[in-house]
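As a plain string of letters, each chain reads:
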Amino acid sequence: MTSLELREINKNYGAYHALRGIDLSVAQGEFIVMVGPSGCGKSTLLKSIAGLEQISSGQILINGRDVSRQEPGDRGIAMVFQSYALYPHMTVAENMGFGLRMAKRPKAEIEAAVARAAKILRITDQLDKRPKQLSGGQRQRVAIGRAITRSPEVFLFDEPLSNLDAALRTQMRVELSSLHAELGATMVYVTHDQVEAMTMASRIVVLNQGVIEQVGSPLELYRNPDNLFVAGFLGAPRMNFLGVTVDAVSGRNVTVSAPGLVPVTVELAEAAALPKGAGLTLGVRPENISMVADGGEGGAIHGQVRLVEHLGRETILYVDAGNLRTIASESGTGNITVQLSYVAPFGPEQNVALKLDARELYLFSSDGGRTLSARKTILDR
Ligand SMILES: Nc1ncnc2c1ncn2[C@@H]1O[C@H](COP(=O)(O)OP(=O)(O)OP(=O)(O)O)[C@@H](O)[C@H]1O
Ligand SMILES: [Mg+2]
């Protein structure tokens, strides 16, 4: 059953077109995670669904009802913000029951709803405290509790964990996922955190400049990005992009190369007319590159280690690949990021050879960055 439906949503702030034709259908109980660069319109979209912003055109349906022109309180949604926005003079219980009190619900109903939410969130022993007597994680739970007590049809979360430290974030992430499983509610969740997006989402929506770039399960998007933007946005450290030219095409196989890159062959999704010499972008994720000390033999790319980051379980290396043309890399032009899943014995200024995993290469068109390479398999979970 469709719980939330967005049809051709447009939002203008004066001349600025913040949302452009957003279409999205969310099934009952789905956990949708929305990601995208700062300013792409994530908060605007959530606020539009909540009714805190008026959309310029389009329709918003919640469980089949058109709520596009309804007041926020009548839409059946609850929104949790990054800043918890708790009332400092009210106790935890009063904060959590606030929405129901405003709706003039009977006292017994409010108390029952608060008690139930507190139990789910494990803050029953905090109900008489005031917000300033709570830790950041507890405050965030109160803010979520305030949403739960209203039994909304759809929960909206705008970066709810970004004020918390790393350990608390991880804990709250797991708690939110169990909360979702327990309530079976539809949730739309905005985050900048890759791990949250990959682990919590039933589907991820990638937004860019007010447009949806792609919607799909986390692994679908990671393995089969529709375009260079999605490929570069999901994954940290991000995918390496190299400017290459076509050497030869044989059926669905295309061989590309570049100065500083020995020719590699990539399978295309479909046979395409790619003239010899045509410019394309080759993509390879840092974890799909292996590294050996350079003996002059083998390897697709030769370079010099510039920086090593030891993370314990893995090593991130930034390699200066000379005149190889890299595009928009994290560490500047001419640099390749490599991620090795062991404590790698390489040091700065060491000459190394890089091997690219031939099965894990992506090719993108130079116009618009459409993915041209064949889809990768996804292991069913
Ligand atoms: N009230 C407003 N008036 C004019 N422009 C606005 C208004 N609110 C947002 N915008 C613009 O709309 C665009 C989208 O803003 P929005 O807050 O939705 O971005 P976001 O994706 O949530 O970014 P972030 O990740 O930084 O929170 C931005 O360019 C912003 O400057
Ligand atoms: Mg925002």
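Everything numeric in this text was worked out from a predicted model, so none of it was measured. (Residues numbered from 1 in each chain as written. Chains lettered and ligands numbered in written order. Predicted model: local features only at pLDDT ≥ 70, side-chain atom pairs only at ≥ 80, totals over all residues.)

**Things to note about the nonpolar core**
Quick note on the threshold: We define the nonpolar core as any set of buried residues of the types Ala, Val, Leu, Ile, Met, Phe, Trp, Tyr and Cys, connected via C-beta atoms lying within 7 Å of each other. Partly exposed residues are those falling between the two cut-offs: more than 12 but fewer than 20 other C-beta atoms within 10 Å of their own, whereas 20 or more means buried and 12 or fewer means exposed, with C-beta atoms placed from the backbone. Either an automatic procedure or a domain database provided the assignment from which the domain bounds are taken. Whether two residues are in contact is decided by their C-beta atoms, placed from the backbone, lying within 7 Å.
Ile32, Val33, Met34, Tyr189 and Leu354 are the most contacted members of the largest nonpolar core, which totals 102 residues. When residues of this core are assigned to domains, at least three fall in each of domain 1 (2-225) and domain 2 (233-365). Once you skip the residues sitting within four places of it in the chain, valine 33 turns out to touch Tyr189, Thr191, Glu196, Ala197, Met200, Ala201 and Ile204.

**What about the pairing of strand E14 (residues 279-284)?**
Under the convention used in this document: Here a strand is any run of E in DSSP of at least two residues, a helix any run of H or I of at least four, and the numbering for each starts at the N terminus. Pairs of strands are assigned from DSSP output, requiring at least two bridges between the strands.
Burial analysis of E14 places five of its six residues in the buried class, the great majority of the element. Pairing between strand E11 (residues 240-250) and E14: six bridges, direction antiparallel. The residue bridging threonine 245 from the neighbouring strand is glycine 279, located in E14.

**Considering the domain arrangement of the protein chain**
What counts, and what does not: When residues are sorted by character, Ala, Val, Leu, Ile, Met, Phe, Trp, Tyr, Cys and Pro go into the nonpolar class, Asp, Glu, Lys and Arg into the charged class, and all the rest, Gly among them, into the polar class.
By the assigned domains, the protein chain splits into domain 1 (2-225) and domain 2 (233-365). The C-alpha-based centres of domain 1 and domain 2 are spaced at 39 Å. With six residues of domain 1 in contact, the opposing surface of domain 2 contributes four residues. In terms of residue class, the side of domain 1 that touches domain 2 is built from five nonpolar, one polar and no charged.

**Focus on the site of ligand 1**
Basically, it comes down to this: For each residue, a C-beta atom is placed from the backbone, and the residue is labelled near a molecule or strand when this atom is within 6 Å of it.
Taken together, Tyr13, Tyr16, Ala18, Gly36, Ser38, Gly39, Cys40, Gly41, Lys42, Ser43 and Thr44 make up the full set of residues adjacent to ligand 1. Sorting the residues of the shell around ligand 1 by element identifies strand E2 (16-27) and helix H1 (42-50) as the ones contributing at least two each. If you tally residues by element for the shell around ligand 1, the top one is H1, at three residues. Split by residue class, the shell around ligand 1 holds four nonpolar, six polar and one charged.

**A look at the sheet that holds strand E3 (residues 31-35)**
Basically, it comes down to this: Working convention: axes come from line fits to C-alpha atoms, limited for helices to the stretch in contact. Angles between N-to-C directions cover 0 to 180 degrees.
Read from one edge to the other, the open sheet built from six strands follows the order E6-E7-E8-E3-E9-E10, with strand pairing classed as mixed. Only two strands of the sheet have a single partner each, and these edge strands are strand E6 (77-80) and strand E10 (211-216). Neighbour-to-neighbour, the strand axes of the sheet open up by a mean angle of 20 degrees, direction not taken into account. When E6 meets strand E7 (residues 154-158), the two strands line up parallel, connected through four bridges. The residue of E7 that forms the bridge with isoleucine 77 is valine 154.

**Quick word on helix H3 (residues 107-121)**
Our working rule: To estimate the expected span of a helix, subtract one from its residue number and multiply by 1.5 Å. Directions are taken from the helix axis to each C-beta atom, and the arc is the one they span.
Between its terminal C-alpha atoms H3 stretches 21 Å, which fits the 21 Å expected from 15 residues at 1.5 Å a residue. Ile110, Ala113, Val114, Ala117 and Ala118 are the residues of H3 that are buried. With its buried residues spanning 130 degrees around the axis, H3 presents them on a single face. Along H3, the residues that are exposed and aim more than 90 degrees away from the buried face are Ala108 and Lys119.

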